[in-house]
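Here are the chains, one letter per residue:
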Amino acid sequence: MKSATFILLSGIVSCSAYAENTLTVVSYGGNLTNAQIQAAHKPFTAATGTRVISEDYSGGIAQIKTQVDNKKVTWDVVDAEIPNVIRACNNGLLERIDPATLAPAPDGTPAAKDFLPGALTECGVASYVWSTVMAYNTKAFKGEQPHTLKDFFDTKRFPGKRALRKAPQVNLEWALMADGVPREEVYEMLGTEDGLDRAFAKLDTIKKDTIWWEAGAQAPQLLADGEVSMISAYSGRIVIAQQKEQQPFKIVWDGQMYDMEAWVVPAGNPKKDLAMDFLKFATQSSVLADQSNYIAYGPTRLSAQALVDPKVKPNLPTSPENFASALQVDSQWWGDHADELNERFNAWLSK
């Protein structure tokens, strides 16, 4: 499923120089890691002779911190959430990355102008976009089908239980957007007491009809079992349910909340140069496009979108028609407000 010829970065030396090397690349396992292996690990090995060892973890920065603090870094490249990238970078746990060293787009556009806003940080390069979307079972509605975020909150026109993640993030943003707040004003509104009251009031309208999920696999299962008619879910899981399980699910991309994950290199890495070469290789347009061919996450480079298999594009959060009404999760905002809002959300749930 190769989307384009891979470019060997100028910083990568001859295969013979890397022939005896190994590189440990850490990610989350499952379908994601398999996509990374097919699109990045194997081609990198073919290009350099370096054997890539894949390890799984559950996220966070604790293990990276332990390795860096003890000066025993064994993880060479790690897939991390953007908020964790920023936090780890601020604590000196990651190597800095110069965007000028990254591969340009196929047409020569510098990397700094080719990545989505927020994809390049001081210490990380985002490699895929994932999103939380609204989805429904087409068998649940015989007539009119839901097609906007507002429909999720309309239990009269579209009856049935809903399923939402048991957390304030996304739910509060969705509540305001469904109540008519423009996307660009959502976080400003949430920063006020009136805005928070408005969001919780909107959630009140569906609270008695809502089942709360905690693990990503629960949402599509609730939908498949007929326990709910509409859910919030990770888009990739819905696509897998559609394709592998032939579930009659449909994604509504209106109001999707998207975020990104980035490749990072732990500070003090004895294989820093090789790790950086992998990072540069794995964030080329062609590699990112091919990764999307294996898993329905969007590429973080504008030029990569055109290289994705046309049959895959409709399932990606970054496809233009899907991305038009998207809102990026404001990680900085949530970093500042998560504790207080988690407390308020849990208190609201218990009422």
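The following refers to the structure shown. (Residues numbered from 1 in each chain as written. Predicted model: local features only at pLDDT ≥ 70, side-chain atom pairs only at ≥ 80, totals over all residues. Heavy atoms only, no water.)

1. Structural notes on the overall build of the protein chain
From N to C terminus, the protein chain includes 16 helices and 9 strands. Rg of the C-alpha trace for the protein chain: 21 Å, near the compact-globule value of 20 Å for 351 residues, within the 12% margin. Along the first, second and third principal axes, the C-alpha set of the protein chain runs to 65 × 40 × 35 Å. The proportion of buried residues among the 351 residues of the protein chain is 53%. In the protein chain, of all internal contacts separated by at least 6 residues, the share reaching a separation of at least 24 is 73%. Carbon and sulfur atoms provide 50% of the accessible area of the protein chain, an area that totals close to 15,400 Å². If you average the places of the 34 positive and of the 42 negative side-chain charges in the protein chain, the two averages end up 5 Å apart. (Helix = DSSP H or I, 4+ residues; strand = E, 2+ residues; numbered from the N terminus. Rg over C-alpha atoms; globule rule 2.2 N^0.38 Å. Buried < 20%, exposed > 50% of the residue type's maximum accessible area, 1.4 Å probe, protein only. Contact = heavy atoms within 4.5 Å. Areas by Shrake-Rupley, 256 points an atom, 1.4 Å probe, with all protein chains shown as cover. Lys, Arg positive; Asp, Glu negative; His and termini not counted. Charge placed at Lys NZ, Arg CZ, Asp CG, Glu CD.)

2. With respect to a negative patch on the surface
Side chains of Asp336, Asp339, Glu340 and Glu343 sit close together on the surface and give a patch of like negative charge. Tracing the backbone shows Asp339 in helix H16 (residues 331–350). The exposure class assigned to Asp339 is exposed, which follows from its relative accessible area of 68%. (Patch = residues over 30% accessible without salt bridge, like charges linked within 9 Å, V, L, I, M, F, W, Y side chains within 5 Å. Salt bridge = Lys/Arg side-chain N within 4 Å of Asp/Glu carboxyl O.)

3. A closer look at the packing of aromatic side chains
Counted by the stated rule, this structure contains 19 aromatic pairs. Residues Tyr28 and Tyr57 carry aromatic rings whose centres are separated by 5.3 Å and whose planes lie at 20° to one another, so their mutual orientation is stacked. Residue Tyr28 is found in the loop between strand E1 (22–27) and helix H2 (30–48), and its partner Tyr57 is found in the loop between strand E2 (51–56) and helix H3 (62–69); the two are separated by 29 residues along the sequence. By relative accessible area, Tyr57 is classed as buried at 8%. (Phe/Tyr/Trp six-rings, centres within 6.5 Å; stacked < 30°, edge-to-face > 60°.)

4. What about the environment of Arg162?
Within the fold, Arg162 resides in strand E5 (residues 162–165). Setting aside chain neighbours within four positions, we find Arg162 in contact with Asp151, Phe152, Asp154, Thr155, Asp209, Thr210, Ile211, Val228, Ser229 and Met230. Engagement of the side chain of Arg162 in a polar contact is seen with the backbone oxygen of Asp151, the distance being 3.2 Å. (Polar contact = N/O pair within 3.5 Å; in protein donor to acceptor, adjacent residues only side chain to side chain.)

5. Brief notes about helix H4 (residues 82–90)
Residues lying three or four places apart along an α-helix face the same way, a consequence of the helix completing one turn every 3.6 residues. Along H4, the positions that sit buried rather than exposed are Ile82, Asn84, Val85, Ala88 and Cys89. The arc that holds every buried residue of H4, seen down its axis, measures 155°, which confines them to one face. If you follow the buried residues of H4, they end up packed against strand E3 (77–81), strand E4 (125–137) and strand E8 (249–264). Just downstream of H4 lies Gly92, where phi reads positive at about 70°. (Arc of directions from axis to C-beta.)

6. Quick word on the pattern of salt bridges
Taken as a whole and assessed by the stated rule, the structure comprises 12 salt bridges. With a closest N to O distance of 2.7 Å, Asp114 and Arg301 form a salt bridge. A residue pair is termed long-range when its members are at least 10 positions apart, and Asp114 in helix H5 (residues 111–114) and Arg301 in the loop between helix H13 (285–294) and helix H14 (302–305) qualify at 187 residues. Ionic contacts of the salt-bridge type, sharing partners, join the residues Glu144, Asp151, Asp154 and Arg157 into one network.

7. Section: the pairing of E1
With 5 of 6 residues buried, E1 lies mostly within the body of the structure. Sheet analysis places E1 next to E2, joined by 6 bridges and oriented parallel. Paired with Thr24 across the strands is Ile53, a residue of E2. With H2 bridging E1 and its parallel neighbour E2, the resulting β-α-β unit is right-handed. (Pairing = 2+ DSSP bridges. Right-handed = clockwise from strand over helix to strand, strands pointing away.)

8. What to know about unusual backbone geometry
The residue Lys71 is not glycine, and still its phi comes out positive at about 55°. With respect to the helices and strands, Lys71 occurs in the loop between H3 and E3. Overall, Lys71 belongs to the exposed group, its relative accessible area being 74%. Although it is not a glycine, Val170 adopts a positive phi angle of roughly 80°.

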